[in-house]
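A structural walkthrough
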Amino acid sequence: MNKKRIVGVALAVGACGVLAAAGMMLSKKSGAVVLDQAGNEIAKLILQDGKISYECEAQYQSYADIVSQEAVKMIQEREGVNEKTAAKILADREITVETWLDQESLDAVIASYNDGEGMACERFGAAVTDKEGHLTACYSDTKGNDNYNNVTMPAFAGSTMKPLSVYAPAVEDGTICWSSLYEDSAYGVVANENGVAKEWPQNVVPFTGKNVTAADAVKESNNAVAVKVLKDYGVEKSVRFLKDTLDYDVDNEEELLENEGEDRILSNIALGYLENGVTVAKMADAYQVFANEGVDTSLCAVKEIKKSDETYWTPRQEETEVFSEETAYIMNRMLREVVTDGTGISAQVKGLDVCGKTGTSEYGDHWFVGTIPNNVCAVWYKTDKDMDADTADAARICKGIFEKIGADSPGQYSIPDGVKEEVYCKKSGLLAGDSCKETGIGCYSEGTFSKLCEECQ
């Protein structure tokens, strides 16, 4: 993997974080005021060397960073000016930026992170949205290693990418259903750096050689099955979906696909190793579709910009139907299995319907992205170790956040009319008949099955 490339992107997006550090040392100056949802001032935006910096307490730095970037772009759009001119306009002392920051959500993130302070990590980032795409909280801690804003710094997403790049698209177009069967075995054999052949991809636990359902593969984070499903769905289709629908940076993957073929980017797409990475805020935004009936509403931190107490600009959030209601709900239930009986059990919250996915990378990235009916939370941290399968800390932190903000959340997600629970045969993956002895219950779109299992007759 091209680690130099991803570091380069991190440097670029971390520029505002560096400016923030400089801004903290400045004497108080006049500038735009940033308010939280309750109308409390959380930051001041000022002009420093032709760019926006900000003065605020440490816990607001990540949010102020995102707000400053959003607000500059909004002013560019409104006035038709370049970035430098927009920054000058934004720094006007008569400008007020109202945001979606909810202090209760931010306090929940910080408290839950501090509860897990004993974990060994180099950097930490978390973002919380409501299901309408409003960024209600974000927070980062670099542990003194650098000045980057970890909420906007790209990282490898690991297995948290699988529902977005593999399983949901494959459910949507009918390539797979809940009980589609795949052999738990390697996709192929590759040579390691010493020229020794080894099976690829590896799972956390040894291969069994038995058939597993797609739902169990999600629950157990089975890498080999994810790769096989991606091949069946179509690698090129997945790349196009990530770019055109979810707005992920897959330019490098497109180039590799064209020049070296599908197998070259299987790890990038199926296992979350996009060369330019993803951000914590972006992952929270993307998982919104699993809580919001398949609809993505563009992520937004700025609620309104005012000048001299009059409305200057109100953001227009775009809504995109990414998946059907049926697909979103089926994936939601698969992700529920991850929490009830899979790799994400540490995220369980009594009385809340928590869904989510864990993820790791061999470069020390640890993830959990979770949803409850009204909120999405992405938690990421980085260690100095090679890949460690234990993502429990990320899931536990997400649990702590949901416990603190989920009191008003509905108990369950709404079941679409076009989805049914069916009893399936574990031997064939088809609708179970009277002769089927080993069965399970899965969620399916109406019309998924055209016949009963015949293998058990």
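Parameters at a glance
Residues numbered from 1 in each chain as written. Predicted model: local features only at pLDDT ≥ 70, side-chain atom pairs only at ≥ 80, totals over all residues. Heavy atoms only, no water. Helix = DSSP H or I, 4+ residues; strand = E, 2+ residues; numbered from the N terminus. Rg over C-alpha atoms; globule rule 2.2 N^0.38 Å. Buried < 20%, exposed > 50% of the residue type's maximum accessible area, 1.4 Å probe, protein only. Contact = heavy atoms within 4.5 Å. Areas by Shrake-Rupley, 256 points an atom, 1.4 Å probe, with all protein chains shown as cover. Lys, Arg positive; Asp, Glu negative; His and termini not counted. Charge placed at Lys NZ, Arg CZ, Asp CG, Glu CD. Patch = residues over 30% accessible without salt bridge, like charges linked within 9 Å, V, L, I, M, F, W, Y side chains within 5 Å. Salt bridge = Lys/Arg side-chain N within 4 Å of Asp/Glu carboxyl O. Axes fitted to C-alpha atoms, helices over the stretch in contact; angles between N-to-C directions. Left-handed = near helix turned anticlockwise from the far one by under 90°. Phe/Tyr/Trp six-rings, centres within 6.5 Å; stacked < 30°, edge-to-face > 60°. Lys NZ or Arg CZ within 6 Å of the ring centre and 35° of its normal. Pairing = 2+ DSSP bridges.

**Observations regarding the overall build of the protein**
The secondary structure content of the protein amounts to 14 helices and 19 strands. Computed over the C-alpha atoms, the radius of gyration of the protein is 23 Å, within 12% of the 23 Å expected from 2.2 N^0.38 for a compact globule of 457 residues. Dimensions of the protein along its principal axes, counting C-alpha atoms only, are 80 × 55 × 45 Å. Looking at the protein residue by residue over its 457 residues, the buried ones come to 57%. Counting contacts in the protein only where the partners sit at least 6 residues apart, residues at least 24 apart contribute 66% of the total. Accessible surface, the protein as shown: approximately 19,700 Å² in total, 43% of it carbon and sulfur. Of the charged side chains in the protein, 44 are positive and 76 negative, and the gap between their average positions amounts to 3 Å.

**Points about a negative patch on the surface**
Residues Glu172, Glu293, Glu321, Glu325, Asp417 and Glu446 make up a contiguous surface patch of negative charge. Structurally, Glu293 is set in the loop between α12 (280-287) and β11 (295-297). Note on Glu293: relative accessible area 44%, which makes it partly exposed.

**Remarks on the pattern of salt bridges**
Summed over the entire model, instances satisfying the criterion amount to 19 salt bridges. Lys219 is the salt-bridge partner of Asp341, the closest N and O atoms lying 3.4 Å from each other. Linking Asp341 in helix α13 (residues 325-341) with Lys219 in helix α7 (residues 214-220), this pair joins segments that are 122 residues apart in sequence. Given a relative accessible area of 52%, Asp341 falls into the exposed group.

**Description of the packing of helix α5 (residues 103-115) against helix α14 (residues 392-405)**
For the pair α5 and α14, the least separation of the axes is 8 Å and the interaxial angle reads 145 degrees. Pair α5 / α14 crosses with right-handed handedness. Seen from α5, the contacting residues are Glu104, Ser105, Ala108, Val109, Ala111, Ser112, Tyr113 and Asp115; seen from α14, they are Ile397, Gly400, Ile401, Lys404 and Ile405.

**Overview of the packing of aromatic side chains**
A complete count under the given rule lists 11 aromatic pairs for this structure. Ring pairing ties together the aromatic residues Phe241, Tyr287, Phe290 and Phe323, which thus form one cluster. Positioned above the aromatic ring of Tyr248, the side-chain terminus of Lys282 is 5.2 Å from the ring centre.

**Remarks on the sheet that holds strand β4 (residues 95-99)**
In a beta sheet, neighbouring strands are held together by backbone hydrogen bonds and run either parallel or antiparallel to one another. Strand order in the open sheet made by the 6 strands is β3-β2-β1-β4-β12-β13, with mixed pairing throughout. The open sheet has two free edges, formed respectively by β3 (51-56) and β13 (310-313), since each of these has just one partner strand. The mean angle between the axes of side-by-side strands here comes to 30 degrees, regardless of whether they run parallel or antiparallel. Looking at chain direction, strand β1 (residues 32-35) and β4 are connected through 3 bridges and run parallel. Bridged to Val34 within β4 is Val97. On top of the sheet, helix α3 (residues 61-79) reaches β1, β2 (41-48), β3, β4, β12 (302-307) and β13; it is set at about 145 degrees to β3, its chief contact.

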